[in-house]
Amino acid sequence: MTQPPVPPALPDPLSPVPEPVRIEMPDPALVALVGASGSGKSMFAARHFRQMEVLSLQGFRALLSADPRDPEAAADALECLYTAAARRLARGQLTVIDAALVRPGERRRVVELARAHDVAPVAVVLDLPRPLLEARRGAGDGADPAELIAQVAELRRTQRGLTREGFRQVWSLTSPEAVDSAVVSRVPLPVDRRERRGPFDVIGDVHGCLDELRELLTRLGYRVTGDTAAPPPGRTAVFVGDLVDRGPDSAGTLRLVMNMVASGAALCVPGNHDEKLRRALGGRAVQPLHGLDVTLAQLGAAGEAFRAQVQAFVGALPSHLVLDGGRLVVAHGGLPQHYQGRDSERVRRFALYGDVSGRTDEAGLPIRRDWAADYRGERLVVYGHTPVAQPRWVNRTVNIDTGCAFGGALSALRYPELEVLSVPARAQYAVLGRPLG
């Protein structure tokens, strides 16, 4: 007699529902999918990334050989994959590498490539149980048994060292349920504020010239009250950094700018003087020169809580800002096209200090190469850092540090109008070792 079919088991309503694994992916980034053969990397890639973002080693092998498992095609396929990855990263596009990458030597090139293009190398590890991988191999999906055992063993031995290898972020999925529940979201880098459309008032190096800043904001139409300022409807102030040192009131300048940023009335990037102040407040050994000693004394008088707020504020500032749908870049020392919208220590150094040569002039001041003379980007770059007598327009760049602390003026570029508004310094607070250039 035929037995009736057994109905499928119903889920236990009391069993806990697994929490989804949330993967917040920086964008752009170079993503390495790490896992033994049969762990489901290609399916994971297809589920969470666009087809053109995924570079599959198996796919490149298939392009180069009628047999995708042809070992002679492996080296050529790997070169093609990394060439394509480099081209994508050069264009600022998130890129995913779908290959086993279970050995440190295989992953080293991923980290090197990401660093070369100033993007974060991140890893998603699919570390599934070996019996499951062996079952998939038996169904025709995966490597031969010996290679599979070696891959699993090598991954288990080395995956704890992924951060030491240089991967900025690592997510590990250790069960099919974790893989299935994973939710991948893309997180724009802090420098990417393209959604902020302006209009903007980009303000040059203040250097503690609080009275001139308050006057400039008033002339720009901001309502200055106490330690804050409210913008005209729709406008946002953007500070190019170097808020402190040299001028008479660095503490007051910080209060005003920090309050404006907190209220949404302003954005800000750090200057090299602000960064030096942050390191000093953190206990680092720095020379208290060029007015830093006065700034530290003012912050000391303001109290420990304010010092901590200043340190946190400067430490959280993005190295530069990409604004208005990508049409405007603000960076203290300027920024060439290939660094814009990226986040690395090299990008941050350039944004803070400009294109330094490592040499000094006869006055002991650093000699900087003129990066703007070679700039060919379409984005307008607004910067400061090097004092000039008048705003300096070169190609699609403008330097608006008109040397207020040195007796010049404090200037703002109104964007998109591209009009400059300046107020003269009320005094010469510091001496520059050379004339305003």
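Our structure's up above, just so we're on the same page.
Remember, predicted model here, so these are calculated numbers, not experimental data.

A. Up close: helix H3 (residues 74–90). Taking 1.5 Å per residue, 17 residues should reach 24 Å; H3 reaches 24 Å between its end C-alpha atoms and fits that length. For H3, the complete set of buried residues consists of Ala74, Ala77, Leu81, Tyr82, Ala85, Ala86, Arg88 and Leu89. Considering only its buried residues, H3 is in contact with strand S2 (29–35), strand S3 (54–56), helix H2 (57–64), strand S4 (95–98) and helix H4 (104–116). Positive backbone phi, approximately 75°, marks glycine 92, located one or two places after H3.

B. Spatial organisation of unusual backbone geometry. Note the cis peptide between aspartate 27 and proline 28, where omega equals 10°. Along the chain, proline 28 turns up in the loop between strand S1 (22–27) and S2. Located in the positive-phi region is aspartate 118, a residue other than glycine, with phi close to 55°. Position of aspartate 118 among the secondary structure elements: in the loop between H4 and strand S5 (120–126).

C. Broad picture of the layout of surface pockets. Here the second largest pocket defines a volume of roughly 620 Å³. Lining the second largest pocket we find 29 residues, and of these Arg91, Gly92, Arg194, Gln340 and Arg379 sit closest to its centre. When residues of the lining of the second largest pocket are traced back to their parent elements, those giving at least two are H3 and strand S7 (183–188). If you tally residues by element for the lining of the second largest pocket, the top one is S7, at 3 residues. Residues of the lining of the second largest pocket, tallied by class, amount to 10 nonpolar, 8 polar and 11 charged.

D. Region of the structure containing the pairing of S4. Judged by which residues are buried, S4 turns out to be covered on both faces: Thr95 and Ile97 on one side and Val96 and Asp98 on the other are all buried. Pairing of S2 with S4 involves 4 bridges; the strand directions are parallel. Bridge pairing in S4 places alanine 32 opposite isoleucine 97. With 3 bridges connecting them, S3 and S4 associate as parallel partners. For valine 54, the partnering residue across the bridge sits in S4 and is valine 96.

E. Representation of the pairing of strand S9 (residues 200–203) within the structure. By the alternation rule, side chains of S9 split into Phe200 and Val202 and Asp201 and Ile203, which are all buried. Sheet analysis places S9 next to strand S12 (residues 236–239), joined by 4 bridges and oriented parallel. From the neighbouring strand, isoleucine 203 faces S12, where its bridge partner is phenylalanine 239. Looking at chain direction, S9 and strand S21 (residues 409–415) are connected through 4 bridges and run antiparallel. Residue pairing across strands places valine 202 opposite leucine 413, the latter belonging to S21.

F. Main features of the sheet that holds strand S6 (residues 169–173). Strands sit in the order S3-S4-S2-S5-S6 across an open sheet of 5 strands; the sheet is parallel. One side of each edge strand has no neighbouring strand; the edge strands of this open sheet are S3 and S6. When the angles between neighbouring strand axes are averaged without regard to direction, this sheet yields 20°. Pairing between S2 and S5: 7 bridges, direction parallel. By the bridge assignment for S5, leucine 33 is matched with valine 124. Most of the contacts of helix H1 (residues 41–48) go to S2, to which it runs at about 145°, and overall it touches S2, S3, S4, S5 and S6.

What counts and what doesn't
Residues numbered from 1 in each chain as written. Predicted model: local features only at pLDDT ≥ 70, side-chain atom pairs only at ≥ 80, totals over all residues. Heavy atoms only, no water. Helix = DSSP H or I, 4+ residues; strand = E, 2+ residues; numbered from the N terminus. Expected span 1.5 Å × (residues − 1). Buried < 20%, exposed > 50% of the residue type's maximum accessible area, 1.4 Å probe, protein only. Contact = heavy atoms within 4.5 Å. 1 Å grid on protein atoms, 1.4 Å probe; cavity = no way out; pocket = protein on both sides within 12 Å on 5 of 7 lines; lining within 4 Å. Points joined across faces, edges and corners; volume = space filled by probe spheres on them. Nonpolar A, V, L, I, M, F, W, Y, C, P; charged D, E, K, R; others polar. Pairing = 2+ DSSP bridges. Axes fitted to C-alpha atoms, helices over the stretch in contact; angles between N-to-C directions.

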